[in-house]
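Here are the chains, one letter per residue:
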Amino acid sequence: MQKIKDVLTGIMMTTVSSIGYTQTGPPAVVSSSEAIVPYHFKIPREALDDLRKRVVATRWPSRETVNDPSQGVQLATMQKLAMYWATDYDWRKVEAKLNALPQFTTRIDGVDIYFIHVRSKEKNAMPIIITHGWPGSVIEQMKIIGPLTNPVAYGGKAEDAFDVIIPSLPGYGFSGKPTTTGWEPVHIAKAWIELMRRLGYKKYVAQGGDWGNAISEIMALMAPPGLLAIHTNMPATEPAYISKALASGVMPDGLSDDEKNAYQQLDLFNKKGLGYAIEMGNRSQSLYGIEDSPIGLAAWILDHDARSYDLIVRVFDGQKEGLSKDDILDNITLYWLTKSAISSARLYWETFQISKSGFFDPRNVTTPVAVSVFPDEIYAAPKNWAEKAYPNLIYFNKVAKGGHFAAWEQPELFASEMRAAFKTVR
């Protein structure tokens, strides 16, 4: 774990003006400072007008030749999304919500790290650092800030309160874009540990799904003195014998119902769901289309996993789901306005350079771990797999509803899981 060296100290980040938005307040600090700088932004009207013009001017492909999503994101769904984006969507609403929150930046190893930091008014609140993944962002966690920091207002108890820290991954959103290599999950985990130190927290917990799981697990492997436990909603528990069986295409005999379900989900993802990761891991810089076309970016983001895509299709068909049209476009628009399509994709390339492990291979984490299994995640980890992957498993629960973007889709369920998961380590 220590072989990855921090090579970015002193490297200047991309200037704020070059990525399409303006920052008010103090300028970014120099790399040698540990200062934490208040952050506020306003997207120029010209950037929003340009976005709408590009959406309206989309050159559409012909319709898919099948009546299902087997060829990719369907034309009808994309045209419904485009119509709403160009006519009814209002970025200023989410911009106001973000600017109503305490936002900050701090420079770590030469890159400005943006984060939201909301302190609870409750005494002895537990600090929690929550990490998003791809194609997520800090927007993914905004709905859980209230339930976690003010639990009494959401059916919890005062002693359940958290101080919430939500950083944006380097190259994502309002964080700086690394200008040289080396910002992979190990480096990010070190940066998060440093961030918590700068915030003055002596004890805290960490949470994540997707890349957030990998980073939280690596933090646990580094075992900083203040990290009490981690929680994951996308655990890495795939046993070696399952990996071998998936490679051979033959399901092992004697699996439980939960194991069969997990095997089938993993098999589907390996065969049909990994295309985006392979492309970004091997050739991230080739994805100029998603940096230049908002519809290209939207389709790329929508095609992350089958169950999330199915939910989004239902949303744009007018059905009520855990996510709204605005939720979906808030996240996509953040990627567009901050020009982070390719810079975010590089996290896959960085990781592919140093690791040949699968996304769900166990990391032998011995720090206390809590697991919440949402049924529409990429795979629903069986309890016996979690027990083997995490010898210090302090909490395990199968949640009734929710998928890959659990905090975003089911915020109150998710917050309830956080309260239960960390109860024993307070």
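Source: prediction; values computed, not measured.

Chemist: Even after reading the chapter, I still don't get the side chain of H117, so can you show me in this structure?
Modeler: Checked against the element boundaries, H117 lands in strand β5 (residues 111–118). By relative accessible area, which is 6% here, H117 ends up buried. Within the local environment of H117, its side chain forms a polar contact with the side chain of Y201, the two groups lying 2.8 Å apart. Every residue in contact with H117, bar those within four places of it in the chain, is listed here: P102, F104, V164, I165, L199 and Y201.

Chemist: Is there a simple way to think about the nonpolar core in this case?
Modeler: Nonpolar side chains in soluble globular proteins tend to be buried together. Formed by 134 residues in total, the largest nonpolar core has its most connected members in L81, W85, M219 and I332. With 8 residues, the top contributor of residues to this core is helix α5 (residues 185–198). When neighbours within four sequence positions are excluded, W85 is seen to be in contact with L51, R52, V55, P294, I295, A298, L329, I332 and T333.

Chemist: How should I be thinking about the packing of aromatic side chains in this particular structure?
Modeler: Each pair of aromatic rings is reported with the distance of its centres and the angle of its planes. Here the structure, examined in full by the defined rule, presents 19 aromatic pairs. A centroid spacing of 6.3 Å and a plane angle of 70° characterise the contact between Y348 and F359, whose relative ring orientation is edge-to-face. Linking Y348 in helix α14 (residues 341–354) with F359 in the loop between α14 and β10 (369–373), this pair joins segments that are 11 residues apart in sequence. Here Y348 falls in the buried class, since its relative accessible area comes to 1%. With relative accessibility at 30%, the residue F359 sits in the partly exposed group. Aromatic ring contacts, followed pair by pair, group W134, W211, Y276, Y348 and F359 into a single cluster.

Chemist: When you look at helix α6 (residues 211–222) in this model, what are you seeing that I'm missing?
Modeler: The α-helix advances 3.6 residues per turn, and as a result positions three or four apart in sequence lie on the same side. Helix length check: α6 (12 residues) gives 17 Å between terminal C-alpha atoms against 16 Å at 1.5 Å per residue, within 8%. Where α6 is buried, its residues meet β6 (126–131), α5, β8 (204–208), β9 (227–232) and α14. Looking at the residues trailing α6, positive phi occurs at A223, about 50°.

Chemist: Before we go on, may I ask you to explain the pairing of strand β4 (residues 103–108) in this structure?
Modeler: For a regular strand, the rule is simple: side chains alternate between the two faces of the sheet. With 6 of 6 residues buried, β4 lies mostly within the body of the structure. Residues Q103, T105 and R107 of β4 are buried on one face, and the alternating residues F104, T106 and I108, pointing to the opposite face, are buried as well. Of the strand pairs in this sheet, strand β2 (residues 36–38) and β4 are connected by 3 bridges, and their pairing is antiparallel. When the bridges of β4 are listed, I36 appears paired with T106. Bridge analysis of β4 against β5 gives 6 bridges, and the strand direction is antiparallel. Looking at the pairing, I108 lines up with V111 of β5. As consecutive antiparallel partners, β4 and β5 are separated by 2 residues, and within that stretch D109 has a phi angle of approximately 50°, a positive value.

Definitions and limits used
Residues numbered from 1 in each chain as written. Predicted model: local features only at pLDDT ≥ 70, side-chain atom pairs only at ≥ 80, totals over all residues. Heavy atoms only, no water. Helix = DSSP H or I, 4+ residues; strand = E, 2+ residues; numbered from the N terminus. Buried < 20%, exposed > 50% of the residue type's maximum accessible area, 1.4 Å probe, protein only. Polar contact = N/O pair within 3.5 Å; in protein donor to acceptor, adjacent residues only side chain to side chain. Contact = heavy atoms within 4.5 Å. Core = buried A, V, L, I, M, F, W, Y, C linked by side-chain atoms within 4.5 Å. Phe/Tyr/Trp six-rings, centres within 6.5 Å; stacked < 30°, edge-to-face > 60°. Expected span 1.5 Å × (residues − 1). Pairing = 2+ DSSP bridges.

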